[in-house]
Amino acid sequence: MNNIVTATLVYDRRTLPFRTEFSLAGTRCLLSTNSHHILRLSMPWQYVLNGCGTDFLQMKIIESATFESDAPALPHFRGLGHLVFAMLGSRGFFNFDLLRRRAIGLLSPAAARDAHFWNTQLLPITIGLLGTTVGVAPLHCACLDRDGSGLLVAGSSGAGKSTLTVALAKRGFAVVSDDWTYVRCQADKLLAHGMFAPVKLLPDSIRYFPELRHAVPKKTMNGEIAHEVDPTKLFRSKVKAQSDPKWVFILERTRVAGCSFVPCRPENLAQLFEKNAEKLPQELPEAIHLRSGIIRQLSACDCWVLRTGEDPMQTAAAIDTFLSEM
Amino acid sequence: MPLDSANYQDPLDLLRRFIPTPYRTRFRIGGALVVVETNDFALLPELPLETVLNESFPSNLSWKLVRDHDEHGLLQEPSHLICGGLTVVAMGAACLLGVDRERGELLGFIGAEIDPRTFQESLVPLLCRLSLEAMETNAEEWFDGWNEEAADA
């Protein structure tokens, strides 16, 4: 029990004097904190508040100089019932209360000044865990935008979603998200949101993207060694915050050369998204219902299983041609 | 082999929410009836058992304690986070606790390296203290906290 200072933190109006609101995947998020550094981190997310619905999440964050932990550097998540615990290494500790739609947390001074951590880890974690309680379904897929229409790329881990995302971006598609897409239903219309998270490419992606030759892979949040790249900087790609989902491709690798597009039935697409979503506890019937509703609505999109034996650039070209001929 | 090892491989339960907790007991602390369920016999507290096994008599508090066989850290000094009716205690990843006073629940993960003696001598007193605090919350303070949250919203 060394290197740790005991802390008792009470989250109330007195200890959290600074307040603001911002938008997280189309959801209003009320932030209270004791730290003007944390307040400042939220500012870039305040610009789309007008499009938010009436539901809201709460984040209550205390920056504490006493927080010091020798907890493992990789984030550690555990959940029971409506509570989820997140140890964020030396950066802090959070609890997510899915019944009260609230995150309370403790951040080290370094983490409270770290915009990269805030944008690429803390906010995606928050909407990933609390989103289902406010009608935002976190789905394991990439999303790109082609002239205002959204294209979701689903598939199992290792199928090549991220390399295909970059290949499509290099053809002019705008990147909305790479690994996780947050789909929200507002006024009977689905919107797929991204979180401006970096694109994660495995080290062997360098065979397709020579731009990676100067990039250094590092250990990512889930322990994988990968390049985490900002597509706007490395590939000069366009990015968008959201898109209107129209098409879904379920990516499958095959040894057979060429690309084939096999129509997929709505019920099979719904089953795939349900199967790949984190199980929710019985304490959250409304969240289960909301998520299933979004998945059902999304499964009405045109969907194909895309079997490809080609490299990502050729597969992206095949998708582009396929969509142009529709 | 731990009872729940199969669940650890389930990609749909990355948070370990659905680990079965088949061991159950009931005991009293103060005047309160507490029901404990866990996946590890060693996490049943060595406290005087409630001998009146009337399942229809409601408990005041339920504990759900999960032995986290994948977490091998040791206990660290606790951080207590208190927000309205919820108290969260983290002692590193080896001990994560949440006490929801409104729902009468204490939920927690205990790491693999926390031996039975440490659990009984260090953690059970903490769990009992948290439980008593949860049940003895001053009603006025509780409603103040609740009203404040409503005002925040």
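Residues numbered from 1 in each chain as written. Chains lettered and ligands numbered in written order. Predicted model: local features only at pLDDT ≥ 70, side-chain atom pairs only at ≥ 80, totals over all residues. Heavy atoms only, no water.

Turning our attention to the packing of aromatic side chains. Here the structure, examined in full by the defined rule, presents 11 aromatic pairs over all chains. Arranged with centres 4.0 Å apart and planes meeting at 5°, the rings of Phe-261 of chain A and Phe-322 of chain A form a pair that is stacked. A residue pair is termed long-range when its members are at least 10 positions apart, and Phe-261 of chain A in strand β19 (residues 259-263) and Phe-322 of chain A in helix α8 (residues 312-324) qualify at 61 residues. Ring centres 5.3 Å apart and planes at 80° place the aromatic pair Phe-27 of chain B and Trp-63 of chain B in the edge-to-face group. Here Phe-27 of chain B, found in strand β1 (residues 23-29), pairs with Trp-63 of chain B, found in strand β3 (residues 61-68); they are 36 residues apart in sequence, far enough to count as distant. (Phe/Tyr/Trp six-rings, centres within 6.5 Å; stacked < 30°, edge-to-face > 60°. Helix = DSSP H or I, 4+ residues; strand = E, 2+ residues; numbered from the N terminus.)

Another point: the interface of chain A and chain B. Each partner contributes residues to the interface: chain A has 48 residues there, and chain B has 43 residues. Between chain A and chain B the total buried area reaches about 4200 Å² when both faces are included, carbon and sulfur atoms providing 60% of it. Our count for the chain A to chain B interface comes out at 3 salt bridges. Taking the shortest distance from any N to any O, the salt bridge between Asp-100 of chain B and Arg-100 of chain A comes out at 2.8 Å. The tally of links from chain A across to chain B stands at 12 residue pairs in polar contact (both at pLDDT 80 or more). Only β1 (7-10), β4 (56-63), β5 (76-80), β6 (83-87), β7 (92-97), β8 (102-107) and α6 (266-276) of chain A provide two or more residues apiece to the side of chain A that touches chain B. Residue classes in the side of chain A that touches chain B are distributed as 24 nonpolar, 11 polar and 13 charged. (Contact = heavy atoms within 4.5 Å. Buried area = accessible area lost by both parts, 1.4 Å probe. Salt bridge = Lys/Arg side-chain N within 4 Å of Asp/Glu carboxyl O. Polar contact = N/O pair within 3.5 Å; in protein donor to acceptor, adjacent residues only side chain to side chain. Nonpolar A, V, L, I, M, F, W, Y, C, P; charged D, E, K, R; others polar.)

Pairing is antiparallel in the open sheet, where 3 strands are placed in the order β15-β17-β16 (chain A). In this open sheet, the two edge strands, each paired with only one partner strand, are β15 (199-201) and β16 (218-219) of chain A. (Pairing = 2+ DSSP bridges.)

Residue and element names in this part refer to chain B. Bridge count between β1 and strand β2 (residues 32-38): 7 bridges; the pairing is antiparallel. Residue Arg-24 lies in a different strand from β2, and its bridge partner there is Glu-37. Between β1 and β2, which pair antiparallel one after the other, the connecting turn spans 2 residues, and Gly-30 there sits at a positive phi close to 60°.

What follows covers the pattern of salt bridges. Counted by the stated rule, this structure contains 25 salt bridges over all chains. A salt bridge links Glu-224 of chain A to Lys-200 of chain A; the shortest N-O distance between them is 3.2 Å. Of this pair, Glu-224 of chain A sits in the loop between β16 and β17 (225-229) while Lys-200 of chain A is found in strand β15, placing the two residues 24 residues apart along the sequence. The class for Glu-224 of chain A is partly exposed, based on a relative accessible area of 32%. In this structure, Arg-307 of chain A engages Glu-252 of chain A in a salt bridge whose closest nitrogen and oxygen atoms are separated by 2.9 Å. Residue Arg-307 of chain A is found in strand β20 (residues 302-308), and its partner Glu-252 of chain A is found in strand β18 (residues 242-253); the two are separated by 55 residues along the sequence. In this structure Arg-307 of chain A comes out as partly exposed when scored by relative accessible area, which is 35%. Judged by its relative accessible area of 32%, Glu-252 of chain A is partly exposed. Several salt bridges converge on common partners, so that one network encompasses Asp-97, Arg-100 and Arg-102 of chain A together with Asp-100 and Glu-102 of chain B. (Buried < 20%, exposed > 50% of the residue type's maximum accessible area, 1.4 Å probe, protein only.)

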